[in-house]
Amino acid sequence: MRRYVKRLNAFLLPRTNVQQRSIKKLRLQTFGTSSCNDQWITSAIGRWGVEDLELVVDNSSWCYDFRLLDKCENVRLKRLVLSNCYHHDAPKSLTFQRLTALTLCKECSHISHVCCYILRNCVQLVDLSLKYSGHNRDSLHIRVPKSKLKNLQLDNCNVGQVYLTSLPCLEAFACRGQPIELHYGEVPRLRHVSLNFLQTGDNAKDGSLCGLSKLFLGIPPPLEYLALQLRGGQMWIKPAAIRSQLNHLKKLLFANVAMNWDTFWILTLLAAAPALESLHVHFVNNSEKVGAAGSLDVQVEHHQHHHHLKELMVIGFGGVAWQTGFVKRIMRASPILERVHLLDGHVVEGEDRELVGLKIVRRRREWHECERLEVLNELTDGIRSPHLEIVLE
């Protein structure tokens, strides 16, 4: 440890006559309080001009006071990640107020108060991520009319309701964790929403938590892209009607849809998106047997037409009757459909865990020629569309 401290001192705290260097990114992880921590950070930001700083503190209550930098002239810090070391007075510092991107991890204070306090003081902030934060299923109320925030991400924050009351510049919202109620207020620029919900244990007792209508409460936002993942053995979808019309929605992605679910709730959401152009559905194999729900669901009457739908992609397609019936129903209701892509595989999230960054991992399926012809004949039976392309792989 002494050798580590000595070398870091030599790097960050050299004599004043040492040639000026530039450090753009620094990640510092510590397992306890050290008298050198404040000096290291102050020198890195104030002297060497660090632009991207990540501080990770384990087993300690140490927090750096960013007000120590207010008299420094070489401060260029733009992106900051704090894990278990957020100082409650940090937003009062000039350095915090210049930030454009901030990530807080393991912040246990009242999440609603922390979020609004930061946004009111950090007037240049564009990206805000809160991870593994909150307690007791808090409600998150955000009303900051003068905020410039464009991207907001909640990752495993213990909140029950989220109220996006007033964020005039917000363009993208992502939430991962337990199901929530989502209320929209004045968010006139909101275009992208990604929701990744995992229902586990006792939190799954109330099936109404997963009702589709509870994800679109308040003023209808002008969404263009919606990604929705619903996972967990206890998860259940209530196909309740959605009161808000998503008139601007162009692309819709459903990921990790369990094989033993019906698909009627998907059609409920489609009915609320009359301008939809692209639909991606990912079915995932689970350990439970697929019951009759899928085949029964195919028989349900569906009179809704999708006059703008041009693309349909089904990932995890195995050619079973209920999947074929689901695809054919969409084809019949989409008069200008141009491409239907059916493939085996699954979806994964990017390494940075951004919820909007889902990627398709293809898995080549060896179709027997007779089986392939049977699926294609079933899909095209009774459908006349010379411009429609069906890709089965």
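Thresholds applied
- For every chain, the first residue of its written sequence is number 1, and the numbers climb from 1 along that sequence.
- Residue-level local features of this predicted model are given only where pLDDT is at least 70; pairs of side-chain atoms are given and counted only at 80 or more, and the full residue set underlies all totals for whole chains, interfaces and linings.
- Side-chain calculation: all heavy atoms of the structure are included, whereas hydrogens and water are not.
- Secondary structure counts use DSSP, requiring at least four H or I residues in a row for a helix and at least two E residues in a row for a strand, with both numbered from the N terminus.
- Exposure classes here rest on a 1.4 Å probe applied to the protein chains alone. A residue is buried below 20% of its type maximum, exposed above 50%, and partly exposed in between.
- Contacts are residue-level and defined by heavy atoms, with any inter-residue pair within 4.5 Å sufficient.
- Whether two strands pair comes down to DSSP finding at least two bridges between them.
- In a helix, the anticipated span is given by 1.5 Å times the number of residues less one.
- Ring geometry is summarised as follows: Phe, Tyr and Trp rings, the Trp one being its six-membered ring, pair when their centres sit within 6.5 Å, and such pairs are stacked at plane angles under 30 degrees, edge-to-face over 60 and tilted between the two.
- Salt bridges are defined by distance alone: a side-chain nitrogen of Lys or Arg within 4 Å of a carboxyl oxygen of Asp or Glu.
- Cysteine sulfur atoms that come within 2.5 Å of each other are treated as a disulfide pair.
- Side-chain atoms within 4.5 Å are what join buried Ala, Val, Leu, Ile, Met, Phe, Trp, Tyr and Cys residues into a set we call a nonpolar core.
- Every residue carries a pLDDT, the predictor's confidence in it, which falls somewhere between 0 and 100.

Trainee: For this particular structure, what's the right way to read the overall build of the chain?
Mentor: Looking only at helices and strands, the chain has 8 helices and 20 strands in total. The buried share of the chain, reckoned over its 393 residues, is 51%.

Trainee: When you look at the side chain of Lys328 in this model, what are you seeing that I'm missing?
Mentor: Residue position: Lys328 is located in helix α7 (residues 321–332). Since its relative accessible area comes to 7%, Lys328 is described here as buried. Setting aside anything within four residues of it in sequence, one finds Lys328 in contact with Glu378, Leu379, Asp381 and Ile383.

Trainee: Explain the sheet that holds strand β12 (residues 217–218) here, please?
Mentor: Strands in a sheet are paired, the pairing made by backbone hydrogen bonds, and the direction either parallel or antiparallel. If you trace the 4 strands from one edge of the open sheet to the other, you get β6-β8-β10-β12, paired in parallel fashion. Only two strands of the sheet have a single neighbouring strand rather than two, namely β6 (138–143) and β12. With 5 bridges joining them, strand β8 (residues 159–166) and strand β10 (residues 181–186) adopt parallel strand pairing. Looking at β10, one finds that Tyr163 is bridged to His183.

Trainee: Explain the pairing of strand β14 (residues 251–258) to me, please; I cannot follow it from the model alone.
Mentor: Looking along a regular strand, one sees side chains alternate from face to face of the sheet. Here β14 lies mainly inside the structure; 7 of its 8 residues are buried. One ladder, built from 5 bridges, connects strand β13 (residues 225–231) with β14; its direction is parallel. Considered in β14, the bridge of Leu226 is made with Leu252. Relative to strand β15 (residues 278–284), β14 runs parallel, the two sharing 6 bridges. In the sheet register, Lys251 faces β15, and the bridge partner there is Ser278.

Trainee: What is the right way to read unusual backbone geometry from this model?
Mentor: A negative phi angle characterises most non-glycine residues, just as the trans form characterises most peptide bonds. Unlike most non-glycine residues, Asn84 shows phi in positive territory, near 65°. Take Asn84: it is sitting in the loop between β3 (79–83) and α3 (94–97). One non-glycine residue, Asn156, lies in the positive phi region at around 55°. Structurally, the position occupied by Asn156 is in the loop between β7 (151–155) and β8.

Trainee: Got a minute to help me understand α7 in this structure?
Mentor: Two residues of an α-helix separated by three or four positions point the same way, owing to the 3.6 residues in each turn. Under the 1.5 Å per step criterion, the end-to-end length of α7 is 16 Å for 12 residues, consistent within 8% with the ideal 16 Å. Extensive coverage of α7 is indicated by the burial of 10 of its 12 residues. Three or more residues of α7 are buried, namely Trp322, Gln323, Thr324, Gly325, Phe326, Val327, Lys328, Arg329, Ile330 and Met331.

Trainee: When you look at the packing of aromatic side chains in this model, what are you seeing that I'm missing?
Mentor: How two aromatic rings sit relative to each other is given by the distance of their centres and the angle of their planes. Counting across every chain of the model gives 7 aromatic pairs. Judged by centre distance (4.9 Å) and plane angle (85°), the rings of Tyr64 and Phe66 are edge-to-face. We classify Phe66 as buried; its relative accessible area is 1%. Ring-pair connections join several aromatic residues into one group, and the members of that group are Tyr64, Phe66 and Phe96.

Trainee: Could you clarify how one ought to interpret the pattern of salt bridges in this entry?
Mentor: Once the charged atoms of two side chains with opposite charge are near each other, the side chains can pair. Within the structure shown, the criterion is met by 10 salt bridges. Of the charged contacts, one joins Asp89 and Lys92 as a salt bridge, the two residues approaching to 3.4 Å between their closest N and O atoms. The class of Asp89 is buried, set by a relative accessible area of 14%. Judged by its relative accessible area of 47%, Lys92 falls in the partly exposed class.

Trainee: Would you take a moment to explain the side chain of Ser43 for this structure?
Mentor: The topology assignment puts Ser43 in helix α2 (residues 37–46). Beyond its immediate chain neighbours, meaning those up to four positions away, Ser43 contacts Leu12, Leu13 and Trp48.

Trainee: Got a minute to help me understand helix α8 (residues 369–380) in this structure?
Mentor: In this model α8 runs 16 Å from its N-terminal to its C-terminal C-alpha over 12 residues, within 8% of the 16 Å that 1.5 Å per residue would give. With its phi angle positive at about 80°, Gly382 sits one or two positions after the end of α8.

Trainee: What should I look at first to understand the state of the cysteines in this one?
Mentor: Covalent bonding between the sulfur atoms of two cysteines is what defines a disulfide. Here the structure, examined in full by the defined rule, presents 0 disulfides. Counting only cysteine sulfurs, Cys85 is the nearest neighbor of Cys63, a cysteine outside any disulfide, at a range of 6.2 Å. Using a relative accessible area of 27% as the deciding quantity, one classes Cys63 as partly exposed.

Trainee: What is the right way to look at the nonpolar core in this model?
Mentor: The nonpolar side chains of a soluble globular protein tend to be buried with one another. Ranked by internal contacts, the top residues of the largest apolar core, which has 108 residues, are Phe66, Phe96, Leu164, Phe173, Phe254 and Val327. No other element matches helix α4 (residues 111–121), which puts 6 residues into this core. Among all residues touching Phe254, those that are not within four sequence positions of it are Leu228, Trp265, Ile266, Leu269, Leu279, His280, Val281 and His282.

Trainee: Would you mind showing me how to read the confidence of the model for the chain here?
Mentor: Residues at a pLDDT of 70 or more form 85% of the chain, whose mean pLDDT is 84. Segment residues 203–209 is flagged for pLDDT under 50; beyond a separation of four residues in sequence, or across chains, it makes 12 contacts in the model.

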